[in-house]
Amino acid sequence: MNKIPVRQTVSYAYSFTFGQIGTIIGLCWLPLVVIAVLQFLPYALGGNPLAPAENATALGRQELQSLATSLLVLLLYAIMCVPVTRQALGLRQGGAIVHFAIGMPEFRAFGALLLFFLMTRLMELGISLLSLLIGRIAQSAGGALAGFVLALGMLAAVAAFVYAIARLGFVLLPVTVAENQVSLTRAWMLTKGNFWRILGVALAVLLPLYLLYIVGLSIIVGPDMANSPAAAGGASEAFTATLRTIGRHMPEYLGLTLILAPFNIGLSLGAAAFAYRALVPTAGPIRATPAA
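Residues numbered from 1 in each chain as written. Predicted model: local features only at pLDDT ≥ 70, side-chain atom pairs only at ≥ 80, totals over all residues. Heavy atoms only, no water.

Novice: How would you explain the overall build of the protein chain if you had to name every residue and give the values?
Specialist: Scanning the protein chain from N- to C-terminus turns up ten helices and zero strands. Burial statistics for the protein chain: of 292 residues in total, 37% are counted as buried. Once local pairs closer than 6 in sequence are excluded, the contacts in the protein chain between residues at least 24 apart make up 81%. When the accessible surface of the protein chain is summed, it comes to about 15,800 Å², and 70% of that surface belongs to carbon and sulfur atoms. (Helix = DSSP H or I, 4+ residues; strand = E, 2+ residues; numbered from the N terminus. Buried < 20%, exposed > 50% of the residue type's maximum accessible area, 1.4 Å probe, protein only. Contact = heavy atoms within 4.5 Å. Areas by Shrake-Rupley, 256 points an atom, 1.4 Å probe, with all protein chains shown as cover.)

Shown next, in the form of structure tokens:
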């Protein structure tokens, strides 16, 4: 059972990202711009997908549009992730000004991301059903002990969800790109005994960027939220107000996302690529090949 070297993985993720940020931007900027246009288009047409639907018909239309957009966005992410993963693995060399390719590698990455997405949704559904079941049992039993059992059951379900997501998703893209296969099983087997290491790497490479994103988002929507009448209302009113406020500031929100996205992609895929190479030492150092 091979182990992921946490310190070296984190170090490589940062050195890869900041050392090759120009190349990463060149490989990603065109798909990122297309994603931003897709996300902004409903607002440009006068709608607000973040706001609750007014009726069942509007809700159904909103769900269909969201599904179609999500699938297209997932394909665009695959188009970005394949060359950046190849760059991080050493399968690609050289810089890039613009990149947009759709072939079998991208469709395999799309299939892997879609399969992972579906597994995530199934697990979320399972947690929701489990929470309802535990809640009914606790309600029928009554008492403080039942509440404790409910909280404990939900905590265990969420912990199992995080564990599964980490094991299934961390090296999924390097497996897909380096081995030309879509296999959640392979990703799961490779990460056996490495959950805490994966968690440590993920926190080290993504938490600083997430905090920076929260600060940026607070600067963008904070003043409007403070002056919103719903801010003094209940949780539901505050949540709806937040969605509407983000909708009003969608250009600034998308701009923040575009700025941070190349760093997010570089850090996450750089860490995943280095971890994959550590977990598959029999393959030896992956030899670089000329850029496609």
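Novice: Would you mind going over unusual backbone geometry in detail, with residue names and values included?
Specialist: The phi dihedral of asparagine 180 is positive, around 55°, even though this residue is not glycine. Assignment of secondary structure puts asparagine 180 in the loop between α6 (172-179) and α7 (184-190).

Novice: Tell me what's going on with the nonpolar core, and back it up with residues and numbers.
Specialist: Counting 62 residues, the largest nonpolar core has Cys28, Val84, Phe170, Val171, Leu190, Val205 and Tyr276 as the members making the most contacts within it. Among the elements that line this core, the one with the most residues is helix α3 (residues 56-89), at twelve residues. Non-local contacts of leucine 190, meaning those with residues more than four positions away in its chain, are made with Val171, Val175, Tyr276, Leu279 and Val280. (Core = buried A, V, L, I, M, F, W, Y, C linked by side-chain atoms within 4.5 Å.)

Novice: Just give me the short version of the layout of surface pockets, but keep the residues and values in it.
Specialist: Empty space among the atoms can be located by rolling a probe the size of a water molecule over them. Each pocket or cavity is described by its volume, and for the second largest pocket that value is around 210 Å³. Around the second largest pocket, the lining comprises 14 residues; the ones closest to its centre are Val82, Arg86, Pro105, Glu106 and Val177. Of the residues assigned to the lining of the second largest pocket, the class counts are eight nonpolar, two polar and four charged. (1 Å grid on protein atoms, 1.4 Å probe; cavity = no way out; pocket = protein on both sides within 12 Å on 5 of 7 lines; lining within 4 Å. Points joined across faces, edges and corners; volume = space filled by probe spheres on them. Nonpolar A, V, L, I, M, F, W, Y, C, P; charged D, E, K, R; others polar.)

Novice: Would you mind going over helix α1 (residues 6-19) in detail, with residue names and values included?
Specialist: Taking 1.5 Å of rise per residue, 14 residues should cover 20 Å, and α1 covers 19 Å from first to last C-alpha, within 8% of that figure. Taken residue by residue, α1 has Thr9, Val10, Ala13, Phe16 and Thr17 as its buried positions. For α1, the buried positions fall inside an angular range of 135° around the axis, keeping them on one side. Along α1, the residues that are exposed and aim more than 90 degrees away from the buried face are Arg7 and Gly19. (Expected span 1.5 Å × (residues − 1). Arc of directions from axis to C-beta.)

Novice: Kindly report on the side chain of glutamate 106, identifying the contributing residues and their values.
Specialist: Here glutamate 106 shows up in helix α4 (residues 104-141). Within the buried set, glutamate 106 has no salt-bridge partner at all; the shortest N-O distance to an opposite charge, 7.4 Å, is to arginine 86. Ignoring any residue separated from it by four or fewer positions in sequence, one finds glutamate 106 in contact with Ala78, Ile79, Val82 and Ala101. (Lys, Arg positive; Asp, Glu negative; His and termini not counted. Salt bridge = Lys/Arg side-chain N within 4 Å of Asp/Glu carboxyl O.)

Novice: Lay out the pattern of salt bridges in plain terms, naming residues and giving numbers.
Specialist: This structure, assessed with the given rule, holds two salt bridges. Of the charged contacts, one joins arginine 121 and glutamate 124 as a salt bridge, the two residues approaching to 3.1 Å between their closest N and O atoms. Within this pair, arginine 121 and its partner glutamate 124 are both found in helix α4, separated by three residues, close to a single helical turn. Residue class for glutamate 124 comes out partly exposed when judged on its relative accessible area of 33%. Salt-bridge contacts for glutamate 179 lead to arginine 186; the nearest nitrogen and oxygen are separated by 3.0 Å. Judged by its relative accessible area of 22%, glutamate 179 falls in the partly exposed class.

Novice: Please set out the side chain of threonine 9 residue by residue, giving values where relevant.
Specialist: Here threonine 9 is to be found in helix α1. Filtering out sequence-adjacent residues up to four positions away, threonine 9 remains in contact with Ile4, Val201, Ala271, Phe274 and Ala275.

Novice: I'd like to hear about the packing of α1 against helix α10 (residues 250-279), residue by residue, with values.
Specialist: A pair of packed helices can be characterised by two numbers: the angle between their axes and the separation between those axes. Viewed as axis vectors pointing N to C, α1 and α10 meet at an angle of 135°, and their least axial separation amounts to 8 Å. Taken together, the axis directions place α1 and α10 in an arrangement best described as oblique. Where α1 crosses over α10, the handedness of that crossing is right-handed. Residue-level inspection shows Gln8, Thr9, Tyr12, Ala13, Tyr14, Phe16, Thr17 and Phe18 of α1 in contact with α10, the latter providing Phe263, Gly266, Leu267, Gly270, Ala271, Phe274 and Ala275. Residues that form the contact of α1 with α10 fall into these classes: ten nonpolar, five polar and no charged. (Axes fitted to C-alpha atoms, helices over the stretch in contact; angles between N-to-C directions. Parallel < 35°, antiparallel > 145°, perpendicular 65-115°, else oblique. Left-handed = near helix turned anticlockwise from the far one by under 90°.)

Novice: Tell me about the packing of aromatic side chains, residues and numbers included.
Specialist: Pairs of aromatic rings are described using the distance from one ring centre to the other and the angle between the two planes. Overall, the coordinates contain eight aromatic pairs when judged by the stated rule. Judged by centre distance (6.2 Å) and plane angle (5°), the rings of tyrosine 14 and phenylalanine 18 are stacked. Taken together, the residues span about one helical turn, with tyrosine 14 and phenylalanine 18 both in helix α1 at a distance of four residues. Residue classification places phenylalanine 18 among the partly exposed residues on the basis of a relative accessible area of 49%. Arranged with centres 5.0 Å apart and planes meeting at 70°, the rings of phenylalanine 195 and tryptophan 196 form a pair that is edge-to-face. For phenylalanine 195, a relative accessible area of 11% puts it in the buried group. Of the aromatic side chains, those joined through ring pairs into one cluster are Tyr163, Trp188, Phe195 and Trp196. Lying over the aromatic face of tryptophan 188, arginine 167 brings its terminal NZ or CZ to 3.9 Å of the ring centre. (Phe/Tyr/Trp six-rings, centres within 6.5 Å; stacked < 30°, edge-to-face > 60°. Lys NZ or Arg CZ within 6 Å of the ring centre and 35° of its normal.)

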